[in-house]
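Observations on chain architecture
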Amino acid sequence: MKSINKFISFVLTLATLLSMSVPVMAADSVNSTGSNTTDIAVIDDSSYSVHGIDRNQSQKSEFETYTYTGDTIVSSVNVYGTIAEGSNVYDPDNSDADENGYVDGKIEVGVPTTIIFSGTADSEGYYVGESSGRVKGNISGSTVIAVVPDDSFTLSSKGKDDITATVEQDYTQFVVETSELTGEKVNKNVTPSYNDRAVFNVSVKTNEATAGSWKGSFNYNISLLNTATASLGRRITSWDVSATENDDVWMSYYQTTDNLTSGRSAAFASPKRTTNGTTVETYEDGTVVISGIGNMEDAVNKYFYDVDAMSDSLTTKIWKHLKDNLSADEYASIIDEIDENTQTYYYESSSAFGQKNLKGLTAQTKQLIKDAFEAVRFEVKASDYIKYTPKNVIILDGVTNVSKGAFSTCKSIETVTLPDTLKRIENNAFLNCSELTGIDIPEGCEYIGSAAFLACGKIGTIRVPASVREIQVLTFISNSVEISENNRSYTLIDGVIYNKNVTELHSITKDTPNSFVIPNTVTKIKDSALQKDNITVTIPASVTDLSVHAFASHSNGTKVICKSQAVYDLMINLIEANAGTDDEFKGTVELSID
């Protein structure tokens, strides 16, 4: 079920007429003042639509005729209910389902259309009018429909002082039966199927009335609120970022100022606003909220950039480079195989590229296009194509991963909140988030991917909880690390991460000293484990497995001291294997046997 985070406020008018048991003349009709407020005040700037609005609510509403019958005077008044779109429901077998299997959700809130007052006071001296309303529709488990009347309102009668009538209602909040929301004012009879079992009773009463006819009105504040995101701002847009059809994850971007779009009401520029007495706190500018169930797709950062425009610019630069750097004949041979200005490389996100339209081309043409791409790829700067500037990322419970490259190179991000349901932080998830000041990895997270926090120098110390079973390379090269003593997979010794029984050197961290000795219990050094320039490392004779990519591309100024001939031979093999490649070893090796 696709949850839509909304907060909508409706103002409905209920006009009431109260008469005592004293005989009066029958009247044809009486008019109420109606509601002079806006029919609907939309807090966030979403695509939410509402149906069934009474467009004349600011005009006078006509009472139905009331009559005197014995000891009771009966009166009724027409008021307004509203039908609104709710959360979409996944129901692929429904004939109305769209191509993705979703049916438009409907929420109907019906307020009382008739109030009947007793002409006789009850045992406590109150004259009471009672009625009921209902809530029904398709809503998600985290959504609350609140139907809250004014506590009291004024009744007026010509020639008499105004009096106060109080309003009581048994249920004011409505949720699905499976919701964890509790309380005596909660009715759990709203189900994902369309029904009208969620009924509330309303009572209007006064003990101050005298004989005659009285009139007045009170407001209903009706809201649709996702409880998981109760503090909303102005939502600019949302994206379905579900990784697969079995996931249901949404990302929303909130902005309280008008710096992205123009022509909006000044009311949206305030960090908070009041609607019918309800103050709605808002997210700070640039808040990104990810909610739902399951995994998010890779590289959700692509939504923060105009990647289509970036791709168009890249295409233009590739073809210009080809034309400027090839002979006329060479260029003509290319366009004999592929139309001029055809997109061959494009941006999948702000930093990741894809290829297209290269199938069937000769190897020579492919290579010329690839060379042109490599020559111009850095001329297109993502910073020139920013659409949204994420500042605070809030991932809510239910989401189980931070995807590969999710927020890579989002240098504006300052804070990240991770959910207790998180299982995986994938490769490059927060790569180069240089303004990120801190992060708490929740207990329950099991996997932290390669370079997940690389170039995130402001984070400081990252605590690895006991639940983490796998840490990939380069994860903490820019950070200090603490590893829970209860972690069964890893331990930290002098700024170096080893497996729990210290037989494998896993990786170094920001706190690894420039000169260190590997414990003589270690038998294996893994890929990229020693990827740091200008270090001196002593490898003990116990090491029998040294990855040829242990230093990867970072070995400038590195000195390796080998404590056995076998280790020295492993280093020579490493040097030879990487000669002439990006991982070429550029340090020195020394054999030192005690």
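Residues numbered from 1 in each chain as written. Predicted model: local features only at pLDDT ≥ 70, side-chain atom pairs only at ≥ 80, totals over all residues. Heavy atoms only, no water.

To continue, consider the sheet that holds strand β35 (residues 496-499). Pairing within the open sheet is mixed, and its five strands lie in the order β34-β35-β36-β38-β40. Unpaired on one side and paired on the other, β34 (490-493) and β40 (545-546) mark the two borders of the sheet. One ladder, built from four bridges, connects β34 with β35; its direction is antiparallel. The partner of L492 across the bridge, within β35, is I497. (Pairing = 2+ DSSP bridges. Helix = DSSP H or I, 4+ residues; strand = E, 2+ residues; numbered from the N terminus.)

In the contact formed by helix α1 (residues 307-325) and helix α2 (residues 328-337), the axes pass within 8 Å of each other and the chain directions differ by 140°. It follows that α1 is oblique to α2 by the angle criterion. Side by side, α1 and α2 meet where W319, L322 and K323 of the first sit next to Y331, I334 and I335 of the second. Class assignment for the residues of the contact of α1 with α2 results in five nonpolar, no polar and one charged. (Axes fitted to C-alpha atoms, helices over the stretch in contact; angles between N-to-C directions. Parallel < 35°, antiparallel > 145°, perpendicular 65-115°, else oblique. Contact = heavy atoms within 4.5 Å. Nonpolar A, V, L, I, M, F, W, Y, C, P; charged D, E, K, R; others polar.)

Take unusual backbone geometry next. Positive phi, close to 65°, is recorded for T409, a residue that is not glycine. With respect to the helices, strands and loops of the structure, T409 is situated in the loop between β27 (401-402) and β28 (415-417). What makes T409 partly exposed here is its relative accessible area of 25%. (Buried < 20%, exposed > 50% of the residue type's maximum accessible area, 1.4 Å probe, protein only.)

To continue, consider the side chain of T206. Structurally, the position occupied by T206 is in strand β17 (residues 198-206). Here T206 falls in the buried class, since its relative accessible area comes to 2%. A polar side-chain atom of T206 sits 3.3 Å from the main-chain carbonyl oxygen of T164. (Polar contact = N/O pair within 3.5 Å; in protein donor to acceptor, adjacent residues only side chain to side chain.)

On the secondary structure map, A372 appears in helix α3 (residues 363-376). A relative accessible area of 1% means that A372 is categorised as buried. Each C-alpha atom of the pair A372 and K323 lies 9.9 Å from the other, and the pair is 49 residues apart in sequence.

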